[in-house]
Amino acid sequence: MKQTLLLLPGDGIGPEVVAEVRRLVDVLAPDLLLEEGLVGGASFDAHGTPLNENTLEQARRSDAVLLGAVGGPKWAGTARDKRPEAGLLALRKGLDVFANLRPAFCFPALVSASSLKPEIVAGLDILIVRELTGGIYFGQPRESKVLENGERMAYDTLPYSESEIRRIAKVGFDMAMVRNKKLSSVDKANVLASSQLWRAVVEEVAKDYPEVELSHMYVDNAAMQLVRAPKQFDVIVTDNM
């Protein structure tokens, strides 16, 4: 039975990139079955929604999904739930793709192109594990409203359940095990209740990985350390925000 790859070109540079993917697949994997769907602004223009149910079902049936890009100035004034980015979030949630693996690797030929000193970035090799289907991006309640005095107000909610934290922490530890056995968990536990739970659950998961050296860091400090001394990190696990 043929394996299926769903291509979602989306918007902007997406269609151009995905067109080149098609050319590569024709040469490298000619037996692969290619399907195509709409997402983002392209889907909104065609169907009035940034992710239609047919595309989501296509994605669920496929063995893999390759997304081009979503969004652009054309849809800047669109309502929040109809913006191209809402389609991307709905796709993540609908497929339950909760772990975003983001490698940061500095190729030797590009060391001098960095705005940081060569000795800071040379040999850099970090993996960031970002939780993708929970937290403030999906939290409820959220609202924009006008108060009685005429002032505008908006709020979002940042919820995390124990199970959501546990599964992304496990991915972080598993990645650390196949790299250098160092995991940094980034949170804001000095302020946020959700981060306090995050840290507690990560500590619990750590007991199953005695070989991994676990450290915790507040997000503001982590941002500074990534510029000051990024090579101190190996794998970083953190929430959606």
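On a predicted model such as this, the values are computed, not experimentally measured, just so you know. Residue numbers run consecutively from 1 along every chain, following the written order of its sequence. Whole-chain, interface and lining totals are the exception, using all residues; otherwise, since this is a predicted model, local features are given only for residues with pLDDT of at least 70 and side-chain atom pairs are given and counted only at 80 or more. Side-chain figures throughout are based on the complete set of non-hydrogen atoms in the structure, without hydrogens or water.

Things to note about the overall build of the protein
Line of reasoning, step 1. In terms of helices and strands, the protein carries eight helices and 10 strands.
Line of reasoning, step 2. Taken over the C-alpha atoms alone, the protein extends approximately 60 × 50 × 40 Å along its principal axes.
Line of reasoning, step 3. Going through the 241 residues of the protein one by one, you find that 37% of them count as buried.
Line of reasoning, step 4. Contact definition: two residues touch when any of their heavy atoms are within 4.5 Å. The long-range fraction of contacts in the protein, counting pairs at least 24 apart against all pairs at least 6 apart in sequence, stands at 72%.
Line of reasoning, step 5. Under the convention used here, a 1.4 Å probe and the Shrake-Rupley method define accessible areas, while residue burial counts only the protein chains that appear. Summed over all atoms, the accessible surface of the protein reaches about 13700 Å², with 57% contributed by carbon and sulfur.
Line of reasoning, step 6. Neither His nor the chain ends is counted toward charge; the positive residues are Lys and Arg and the negative residues Asp and Glu. Where a charge lies is defined by one atom per residue type, namely NZ (Lys), CZ (Arg), CG (Asp) and CD (Glu). Distance between charge centroids for the protein: 2 Å, based on 28 positive and 33 negative side chains. For the purposes of this entry, the term helix denotes a DSSP run of H or I that reaches at least four residues, the term strand denotes a run of E that reaches at least two, and both are numbered from the N terminus. Think of it in three bands: with a 1.4 Å probe and only protein chains considered, a residue is buried below 20% of the maximum accessible area for its type, exposed above 50%, and partly exposed in between.

Describing helix α1 (residues 14-28)
Line of reasoning, step 1. A helix's residues, less one, multiplied by 1.5 Å, set its expected span. End to end, α1 covers 21 Å across 15 residues, agreeing with the expected 21 Å (1.5 Å per residue, within 8%).
Line of reasoning, step 2. Those residues of α1 lying buried are Gly14, Val18, Val21 and Val25. Angularly, the buried residues of α1 cover 45° about the axis, an arc narrow enough to put them on a single face. Along α1, the residues that are exposed and aim more than 90 degrees away from the buried face are Glu16, Arg23, Leu24, Asp26 and Val27.
Line of reasoning, step 3. Tucked inside the fold, the buried residues of α1 contact β1 (4-10), β2 (33-36) and β3 (64-69). Our arc is simply the arc of the directions from the helix axis toward the C-beta atoms.

Description of the sheet that holds β1
Line of reasoning, step 1. Strand pairing is assigned whenever DSSP identifies at least 2 bridges connecting the two strands. Pairing is parallel in the open sheet, where three strands are placed in the order β2-β1-β3. Single-partner strands in this sheet number two, and they are β2 and β3. The average undirected angle you get between the axes of adjacent strands in this sheet is 25°.
Line of reasoning, step 2. Both β1 and β3 contribute to a ladder of five bridges, which runs parallel. Bridge assignment links leucine 7 to a residue of β3, and that residue is leucine 66.
Line of reasoning, step 3. Angles run from 0 to 180 degrees between N-to-C directions of axes, and those axes are lines fitted to C-alpha atoms, restricted for helices to the stretch in contact. Contacts from α1 reach β1, β2 and β3, with the element oriented near 155° to β1.

Quick look at the pattern of salt bridges
Line of reasoning, step 1. By salt bridge we mean one thing: a side-chain nitrogen of Lys or Arg within 4 Å of a carboxyl oxygen of Asp or Glu. All chains considered together, the criterion is met by 16 salt bridges.
Line of reasoning, step 2. A salt bridge links arginine 167 to aspartate 96; the nearest nitrogen and oxygen atoms lie 3.0 Å apart. Taken together, the positions of arginine 167 in helix α6 (residues 162-177) and aspartate 96 in the loop between α4 (84-95) and β4 (99-105) put the pair 71 residues apart, joining distant regions of the chain.
Line of reasoning, step 3. By relative accessible area, which is 27% here, arginine 167 ends up partly exposed.
Line of reasoning, step 4. Classification of aspartate 96 as partly exposed rests on a relative accessible area of 40%.
Line of reasoning, step 5. With a closest N to O distance of 2.9 Å, aspartate 234 and arginine 179 form a salt bridge. Taken together, the residues span a long stretch of sequence, with aspartate 234 in the loop between α8 (219-228) and β10 (235-238) and arginine 179 in the loop between α6 and β8 (182-187) at a distance of 55 residues.
Line of reasoning, step 6. The exposure class assigned to aspartate 234 is buried, which follows from its relative accessible area of 4%.

Without other data, these values stay purely geometric and don't point to any function.
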